[in-house]
Structures are given as structure tokens and as C-alpha cells.
Amino acid sequence: MTGPTTSRGRLVLALALTVAVALFLAFVPLHRHWFDLNVYYDAVGHWLRDGRIYDFTIPGADGADYGFTYPPFAALCMLPMALFTWLAAITLSMVLNVAASAILLTWLIGPIVRRHGWNKWFAFVVAACLFVLLEPVRDTFSFGQVNLLLLVLVFFDAWLLSTGHGRFAGCGIGLAAAIKLTPAIFIGYLLITRRWRAAATATGTAAAATLLALAVAPGASRVYWTEALWDTDRIGVLSYVSNQSWEGVLARLFDPVPPSGVVWALGVLAVLAVWAHRVRCAVAVGDERAGFALTGVTACLISPITWVHHLVWLIPALAVLVDSGLRPDAPPARRRLLLQVGAVVYVLLCSSVVWLWRFDSTGVDGFLGSNTYVWICLGLLIALPLRGARSATMLGQEPYPARIP
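Residues numbered from 1 in each chain as written. Predicted model: local features only at pLDDT ≥ 70, side-chain atom pairs only at ≥ 80, totals over all residues. Heavy atoms only, no water.

A. Main features of the packing of helix H4 (residues 86-116) against helix H5 (residues 120-133). Their axes nearest at 10 Å, the elements H4 and H5 cross at an angle of 125°. On the basis of the axis angle, H4 is oblique to H5. With respect to the hand of their crossing, H4 and H5 are arranged in right-handed fashion. Contacts between H4 and H5 pair Ser 101, Leu 105, Thr 106, Ile 109, Gly 110 and Val 113 from the former with Lys 120, Ala 123, Phe 124, Ala 127, Ala 128 and Phe 131 from the latter. Counted by class, the contact of H4 with H5 contains 8 nonpolar, 3 polar and 1 charged residues. (Axes fitted to C-alpha atoms, helices over the stretch in contact; angles between N-to-C directions. Helix = DSSP H or I, 4+ residues; strand = E, 2+ residues; numbered from the N terminus. Parallel < 35°, antiparallel > 145°, perpendicular 65-115°, else oblique. Left-handed = near helix turned anticlockwise from the far one by under 90°. Contact = heavy atoms within 4.5 Å. Nonpolar A, V, L, I, M, F, W, Y, C, P; charged D, E, K, R; others polar.)

This is how it looks when you write it as C-alpha cells:
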């Protein structure tokens, strides 16, 4: 890392960068006023008062009514919010997201910092400033979302697997899948990589959490699994520009006609086929970090609704891309290309560019621009570089084993 070579110079630059980022976050981006946290908070209160949670809704900025859309186990996890005031709930959300961010940065860039011999605290300050500028991260904080917490749960298992403690892996993925269904795709990753024990642990954990919710809240469980889960209108408008999934592309392309379920399913199958192939390639060279990163990218593409704040699942792939560009053993031209591509992806993910087509996504420019994050996902899925068995791991020990047992 090039930069100041003295402690004083690093301190001055770190303070200047921190102040600049803080001012930007305070005055420039769109603030979401903890809308999603408000849904959780009020829905849980409604549940305690009236015994129902999935019939509670509040109006959103896009004209749709939003309610609690997570499984009943998530509602149980959020039940303690009823003990807090609204201000305390916001504070708790911010603290948890800050903690999750610190853990993720430690896992994602810690080994990179050590490998290159950079000054640790200065590198983490720079990385943290870059991290919070990403639109998915800003929105996760501003909405009061749980995405970063789920990411920590999933990548805890990735850390266990990459550090030789795989016999304990699976609980994080299972809990994340019980809280929100999308992370269940990581069970598929465990199956593809033949991590039978971890896959069984994850499946068992998700099932146990779901059965616990069924025992504690049978009525809410029945409504969710038989009604609410299948009602996509509860989640939001499919064609809304914030929906950066394959389904969102189709919805905007054919709006106001509902997108074809067959076309969507064929696209999902194609994405899953590419994902399975690339994951198997990652397994062949022992690249655990790329396998998990590719799975997060795929989750964003195949989910019917992937709001911009859900795209925190792309952050591990961005870290892989940049780290690959820093490999000292790679040809200089390849290193420059990877770093340039990583910089472009990063800038786009900070830019909020898709919102330029919020009110009109028609035409060629609308098709390309309003789906910018989808194209990024597809690009990462197809071309994310893999590192061989002699390369360093992002999440733990090095080198990788030649084969995943």
C-alpha cells in the first residue's frame, strides 16, 4: 500500500479521510430513516398486542405496502426489540451493524494486510472508509437492515472451513437460512463441495430453528409457510429499480405486464448451472473464499427480489477481485486489469447510478442503466478470478489444500 511512511503522516491522512467520509455520509446520500427497522419494530409490537404479525403493513416510498416478510424464527429473534424504545432500537441496530462490519473487514482484508506487510491500523481505517461508502452498506445502516449480520453468520462458517475447523461449521449458515431464506443457497455450496457434515449441520440447524418457531408461534408459522411466503406483493414492486435481480430485469423490461415465470425459471437454471461449474472449479484449486463469494453473487441473482441493500453479498467477491489484482506473482498487465476492473465495480457500487432510472427505465439506456448492479453480478459470476492451492487464503490459514476433503 503506497501512502505516508511516517506515523504522523498516516494519522493526519486517516483523520482527514474519516472526516471527509463522515461529512459525505451526513449530507450527500439518500437517507432511509430506518424504514425496515421500523417495520420490524412495529410488526413485533403488533404481534405482541394482537397475536398476528403478517397482516401488519406500512406504506413505502414506492406506493407499496410493506410488512414483515421474514420467517417466524426471525420474528422470535427480533422479539426483544419490544423491550426497547424506538431510539434504543435504532442505537442497537447501528451498534450491531458496526460490529458486523468490523468482523467482516477483519476476515476479508486482515490476511491481505499481513501478506503485504502494510501498517495494520492505517489499512483498516482506509478499508473501513471505503467500506461504508458502498451503497449497499450505506443502505443497510440507513434502513436498519440485517444483511451484514447474516453475512457474518455465513462467513463464520467460511472462516471455520478455511482454518481447518470445519467439523464445527454449518450452524451459522443454518441460522442465517432460518432468519432469511436466501442464505439457504450456501447449503447448496456445502453439498457441491462435499462438505456433508457441514451441510447436515446447516440443514439441521435451520430445521431446528424453524421447528422452535413453530412450537412457540404455530399461528404465525402457519400463515407464513402457507400464505405470506408465496405472496410476492408483500415484499414490494418487482419492477422497482431497487430490485437488482434477474426477476427485476424481467419486470422492468415487460412492465406493466407481469414477467414470465418460465423465462425467469430458465434464467435461474442458467445462473445455477454457471454457479455450480464455477464453484467446482474453485473446489478443484482449493479456493474457499471464491466459492463462498460466488455463492453470494448467485444468491443476489436468483432471488425474486434483491434490493440494493441486499448487495452486501457482493462485498466478498469485490475483495477477491482486488486481492487477485495485488498478487505479486501475476503478470503486471493482468494485475493492472484486475485492479482497474475492481475500481470500476467499486465506484459503480458507490454511485447509486441505478436511481437515475427510478421513474423511467425504458429504452436501451434504461435497460442497461437501471440494471447496472445485475450486470455487475453477472460479470462477477462469470469472471471472478480463482486462486490456486499455492495462494493465500482470504479468511484464514495459508496455503489452501489442493483438494477440499
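B. Spotlight on the nonpolar core. Within the largest apolar cluster, 119 residues are counted, with the highest numbers of intra-cluster contacts made by Phe 68, Phe 292, Leu 314 and Leu 384. The residues touching Leu 314, leaving out its near neighbours within four places in the chain, are Val 297, Cys 300, Leu 349, Ile 376, Cys 377 and Leu 380. (Core = buried A, V, L, I, M, F, W, Y, C linked by side-chain atoms within 4.5 Å. Buried < 20%, exposed > 50% of the residue type's maximum accessible area, 1.4 Å probe, protein only.)

C. Structural context of H4. The terminal C-alpha atoms of H4, which comprises 31 residues, lie 44 Å apart, in line with the 45 Å expected from a rise of 1.5 Å per residue. Along its length, H4 reaches its greatest deviation from straightness, about 45°, at Ile 109, and the proline Pro 111 lies no more than four positions downstream. Positive phi shows up at Gly 117, right after H4, with a value of about 70°. (Expected span 1.5 Å × (residues − 1). Bend = angle between axes of the 7 residues up to and from the residue.)

D. Summary view of the packing of aromatic side chains. Within this structure, the stated rule accounts for 18 aromatic pairs. Consider the rings of Tyr 40 and Tyr 70, whose centres lie 5.6 Å apart with planes at 40°: the pair is tilted. Placement of Tyr 40 in helix H2 (residues 35-50) and of Tyr 70 in the loop between strand S2 (65-67) and helix H3 (72-78) is noted, with a sequence separation of 30 residues between them. For the pair formed by Tyr 40 and Tyr 70, the shared burial category is buried. With centroids separated by 6.2 Å and ring planes inclined at 75°, the aromatic side chains of Tyr 240 and Trp 307 adopt a geometry described as edge-to-face. (Phe/Tyr/Trp six-rings, centres within 6.5 Å; stacked < 30°, edge-to-face > 60°.)

E. Representation of H2 within the structure. An ideal rise of 1.5 Å per residue puts 22 Å on 16 residues; H2 measures up with 22 Å between its terminal C-alpha atoms. Taken residue by residue, H2 has Phe 35, Asp 36, Leu 37, Val 39, Tyr 40, Ala 43, Val 44, Gly 45, His 46 and Trp 47 as its buried positions. The secondary structure elements touched by the buried residues of H2 are strand S1 (57-59), S2, H3, H4, helix H6 (135-143) and helix H11 (218-226). Gly 51 lies just past H2 and shows a positive phi near 75°.

F. How the structure looks around the side chain of Ser 242. By the secondary structure assignment, Ser 242 is in the loop between H11 and helix H12 (246-254). With near-sequence residues (within four places) excluded, Ser 242 lies in contact with Thr 306, Trp 307, Val 308 and Trp 355.

G. A look at the pattern of salt bridges. Within this structure, the stated rule accounts for 8 salt bridges. For Asp 139, the salt bridge goes to Arg 32, with nearest N and O atoms at 3.2 Å. Remark: Arg 32 occurs in the loop between helix H1 (7-27) and H2 and Asp 139 occurs in helix H6; sequence separation between them is 107 residues. When sorted by exposure, Asp 139 lands in the same class as Arg 32, which is buried. Residue Glu 227 pairs with Arg 222 through a salt bridge whose shortest N-O separation is 3.8 Å. Bridged by salt links that share partners, the residues Arg 115, Asp 287, Arg 289, Asp 323 and Arg 387 form one connected network. (Salt bridge = Lys/Arg side-chain N within 4 Å of Asp/Glu carboxyl O.)

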